[in-house]
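Residue-level structure breakdown
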Amino acid sequence: MQERYYFIVNPISGSGRGKREFEQARALLEAAGACYAFVSTQYHAHAKELARAALAAGERCIVAVGGDGTINEVASVLAGTGAAMGILPFGTGNDFSQALQIPQDTAGAVAALLSAAPRRVDAARANDAFFVNVSGFGFDVDVVRYTEKYKKRFNGMLPYLLGVMQSLLHLRPIPVRVEPEEGECFDTTALLFSACNGTQFAGGMHLAPLSDPADGLLDICILKGIGRIAFLQLLPRYIKGEHLGSKHIVYFKARRVTAAAEAGLTLNLDGELGSATPVTFEALPGALTILAPTPAGPVQ
């Protein structure tokens, strides 16, 4: 157990799950005799400001309470500082926490936080934008845009699935030249180009089942330009992480890779939109010190 925990709580994450489940977590923390303090976010990107203030005040164990967006904000401040970061995954999708094998229930997440030893994991950059889980362009950007309106009414994976269905109406293959740091360049078309530090996105789609957030590499998954029928046939395998053998998939690992696509395509950054193509994705090995269970093996 750390000497003290400082929680940054997003109370509206997961349609109010953040506030509701953190109240339950507090009871568990007090029962365990944990020393802690907490503060709540009030607006978008507030978690970054709160994390900076906490570091400046001497806090050395800062816990993000919320979903992938909250985790991204806190991690972007803590990366490279050596301060420990914890996660209570009380958002909608909670994809990165699952890659770290953090339990998704309140009691399990609190127990894991209190018992886990610090370990180093990677973060990443897309151009100058920070991410911890997945960044990319193409189909997933449409999914993010459409999912946001469904998150206001539904939890779990349903908002993402509805976003996927609506995004199917806008499928567009994107010509791209892929330039890995090591290996040969090649040209292809992509419906979805993803650079993955975590194993999944969109509330549980296992697009990078071989990813290890602590191997110093990004897993690049490219879904080639295909039609709606072929995409719908592939989608169940994509969700389960069984798509890597498909002729429509290009998958490889790299520390750094450039995707030379048309200028100005918006990027998905852990479920938020920002930066633009052309883009260079780069792993930041060991950038984060995370309180998470010791991995038992690849997440499936």
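Residues numbered from 1 in each chain as written. Predicted model: local features only at pLDDT ≥ 70, side-chain atom pairs only at ≥ 80, totals over all residues. Heavy atoms only, no water.

**A closer look at the pattern of salt bridges**
Counting across every chain of the model gives eight salt bridges. One salt bridge in this structure joins Glu282 and Arg125, with 3.3 Å as the shortest N-O distance. Within this pair, whereas Glu282 is found in strand β15 (residues 279-291), its partner Arg125 is found in strand β5 (residues 118-126), the two being separated by 157 residues in sequence. Glu282 sits in the partly exposed class, given a relative accessible area of 21%. Between Asp215 and Lys253 there is a salt bridge, with its nearest N and O atoms 3.3 Å apart. Remark: Lys253 occurs in strand β11 (residues 249-254) and Asp215 occurs in the loop between β9 (186-196) and β10 (218-224); sequence separation between them is 38 residues. By relative accessible area, Asp215 is classed as partly exposed at 26%. The class of Lys253 is partly exposed, set by a relative accessible area of 36%. Shared partners join several salt bridges into a network, and the residues in it are Arg125, Arg256 and Glu282. (Salt bridge = Lys/Arg side-chain N within 4 Å of Asp/Glu carboxyl O. Helix = DSSP H or I, 4+ residues; strand = E, 2+ residues; numbered from the N terminus. Buried < 20%, exposed > 50% of the residue type's maximum accessible area, 1.4 Å probe, protein only.)

**Examining the pairing of strand β14 (residues 272-276)**
Looking at chain direction, strand β13 (residues 266-269) and β14 are connected through four bridges and run antiparallel. Each residue of the ladder has a partner; that of Leu269, found in β14, is Glu272. Linking two consecutive strands that pair antiparallel, namely β13 and β14, is a turn of two residues; a positive phi of about 55 degrees is found at Asp270 within it. (Pairing = 2+ DSSP bridges.)

**Quick word on the packing of aromatic side chains**
For any pair of aromatic rings, geometry is given as the distance between the ring centres together with the angle between the planes. Summed over all chains, the structure comprises nine aromatic pairs. Judged by centre distance (5.3 Å) and plane angle (65 degrees), the ring pair of Phe22 and Phe38 falls under edge-to-face. Note that Phe22 is positioned in helix α1 (residues 13-31) and Phe38 in strand β2 (residues 36-40), a separation of 16 residues in sequence. Its relative accessible area of 35% is what places Phe38 among the partly exposed residues. With a centroid separation of 4.9 Å and an interplanar angle of 55 degrees, the aromatic rings of Phe139 and Phe231 are classed as tilted. Here the residue Phe139 occupies a position in helix α6 (residues 139-151), and Phe231 occupies one in helix α8 (residues 228-240), the gap between them amounting to 92 residues. Since its relative accessible area comes to 7%, Phe139 is described here as buried. On the basis of relative accessible area, Phe231 is assigned to the buried category, the value being 5%. Following the ring pairs from residue to residue traces out a cluster consisting of Tyr5, Phe7, Phe22, Tyr36 and Phe38. (Phe/Tyr/Trp six-rings, centres within 6.5 Å; stacked < 30°, edge-to-face > 60°.)

**Side note on the nonpolar core**
Within the largest apolar cluster, 49 residues are counted, with the highest numbers of intra-cluster contacts made by Tyr5, Phe7, Met85 and Leu88. Dropping the residues within four chain positions of it, Tyr5 is found in contact with Ala34, Cys35, Tyr36, Ala37, Cys61, Val63, Leu113, Leu114 and Leu291. Grouped together as the second largest cluster of nonpolar side chains are 26 residues, Ala129, Ile174, Val178 and Leu269 included. (Core = buried A, V, L, I, M, F, W, Y, C linked by side-chain atoms within 4.5 Å. Contact = heavy atoms within 4.5 Å.)

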